[in-house]
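# Descriptive structure summary
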Amino acid sequence: MTFTLPGFDLDAFVRATLAEDMGEGGDITSAAVIPADARFTGVMDSRDAIIVAGLPIAEAFFRALDPDVRIERLVEDGDRVAAGTDLLRIEGLARAMLTAERSALNTVQHLSGIATMTRGYVDKIRGTGAILLDTRKTIPSLRRLEKYATLMGGATNHRMGLWDAAMIKDNHVAVAGSVGEAVRRAKVAGIARIIVEVDRVDQIEPALAAGATHLLLDNMPPPILRGAVTLIGGRVPTEASGGVRLDTIRAIAETGVTFISVGRLTQSAPAADIGLDFNEIS
């Protein structure tokens with residue numbers, strides 16, 4: 001099993017997560033109740049219709065505690081599956097399986113929940129030409145994994161951190177004195193990608209004149225958004241953001257914006273209902 005995600009250390013994540021759960025005493029329940037040589041078979045299945053994400057990571061938890069575990073992956077990350085679908089079959093040392101169970105499930109439930117919500121938004125804007133973006137509204141230390149999950153759901157990753165593009169927002173403008181001056185300072189600093197958040201149409205031309213390379217049109221209702229897109233006229237990519245919901249995203253997409261960013265994909269997605277049932281085999 002291999003899982004490569006730029007900027008993410010799978011082994012370190014597995015070690016830290018298991019250490020958090022096991023502490024200094026380990027799984028005292030399994031050690032007391034389950035014979036050391038007992039073996040379990042198990043099936044991980046989804047009780048919901050979901051977009052799958054996180055199975056390779058779940059496998060890594062089991063392998064960390066039982067290197068000889070046998071795992072059969074029945075679906076792949078990014079697959080859309082119906083409720084009742086089996087995701088993994090595993091066979092290995094019972095104590096190891098029980099100890100790794102919660103860490104594995106937590107990860108797959110969380111990431112599949114994000115991927116599933118993301119696909120719902122992607123489906124809503126299908127055919128409009130607009131592209132769904134994720135945001136930096138992620139749980140600390142889980143950004144790479146959560147953005148991986150949005151990718152599995154069909155979104156495009158955007159701004160992995162503060163380092164990969166300038167994002168000029170209202171507080172930056174307030175300190176700089178104007179939108180144009182804030183952009184000028186970013187250009188002087190040698191920043192190539194300069195995203196500017198505007199919440200009024202009269203900020204558009206000063207931002208473009210100063211050298212903005214991407215405009216984030218914040219909290220604009222569709223009629224104003226459509227006018228802003230027309231005014232910009234394709235000179236830079238446009239991004240709609242702010243309070244985007246499943247019931248409003250289609251109308252936003254139909255204004256002609258290039259991108260729509262949705263913070264709730266990583267901020268508010270409910271965990272998928274996924275379980276793991278074991279049977280003793282020896």
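The sections below set out a description of the structure shown in this document. Every value quoted in this text rests on a predicted model; they were computed, and no experiment measured them. (Residues numbered from 1 in each chain as written. Predicted model: local features only at pLDDT ≥ 70, side-chain atom pairs only at ≥ 80, totals over all residues. Heavy atoms only, no water.)

## A short note on the overall build of the protein chain
To keep things clear, this is the line we draw: Helix and strand assignments follow DSSP, with helices taken as H or I runs no shorter than four residues and strands as E runs no shorter than two, numbered in order from the N terminus. Burial classification: accessible surface area is computed with a 1.4 Å probe over protein chains only, and a residue below 20% of its type maximum counts as buried, one above 50% as exposed, and the rest as partly exposed. Note on contacts: a residue pair qualifies if any of its non-hydrogen atoms lie within 4.5 Å across the two residues.
Scanning the protein chain for helices and strands turns up 11 helices and 12 strands. Here the protein chain, with 282 residues, has 49% of them falling under the buried criterion. Taking the contacts inside the protein chain whose residues are at least 6 apart along the sequence as the reference set, 69% of them involve residues at least 24 apart.

## Here we look at the packing of aromatic side chains
Keep this limit in mind: Pairing of aromatic rings covers Phe, Tyr and Trp, the last through its six-membered ring, and needs centres within 6.5 Å; plane angles under 30 degrees mean stacked, over 60 mean edge-to-face, and all others mean tilted.
On inspection of all chains with the given rule, the structure shows 5 aromatic pairs. Connected via pairs of aromatic rings, a cluster forms that spans Phe 3, Phe 8, Phe 13, Phe 61 and Tyr 148.

## Concerning helix H4 (residues 94-124)
Keep this limit in mind: By this rule the span expected of a helix is its residue count minus one, scaled by 1.5 Å. Across the chain, bend at a residue is computed as the angle between axes fitted to the seven residues ending at that point and the seven starting from it.
For H4, with 31 residues, the first-to-last C-alpha span of 44 Å sits near the 45 Å given by 1.5 Å per residue. Largest kink in H4: about 40°, centred on Glu 101.

## Quick notes on the environment of Arg 89
Within the secondary structure, Arg 89 sits in strand E5 (residues 86-93). When its relative accessible area of 38% is taken as the criterion, Arg 89 is described as partly exposed. The residues touching Arg 89, leaving out its near neighbours within four places in the chain, are Gly 42, Val 43, Arg 70, Ile 71, Glu 72 and Leu 74.

## Concerning the sheet that holds strand E6 (residues 131-133)
This is how it is decided: DSSP-based pairing: two strands are paired if at least 2 bridges between them are found. Every axis in this analysis is a line fitted to C-alpha atoms, fitted for helices over the stretch in contact. Angles between the N-to-C directions lie between 0 and 180 degrees.
Strands sit in the order E6-E11-E10-E9-E8-E7 across an open sheet of 6 strands; the sheet is parallel. The open sheet terminates on both sides in strands that have one partner only, identified here as E6 and strand E7 (166-168). Taken over all neighbouring pairs, the strand axes of this sheet differ in orientation by 25° on average, direction set aside. Looking at chain direction, strand E9 (residues 214-218) and strand E10 (residues 238-241) are connected through 4 bridges and run parallel. Along E10, the bridge assignment pairs Leu 217 with Ala 240.

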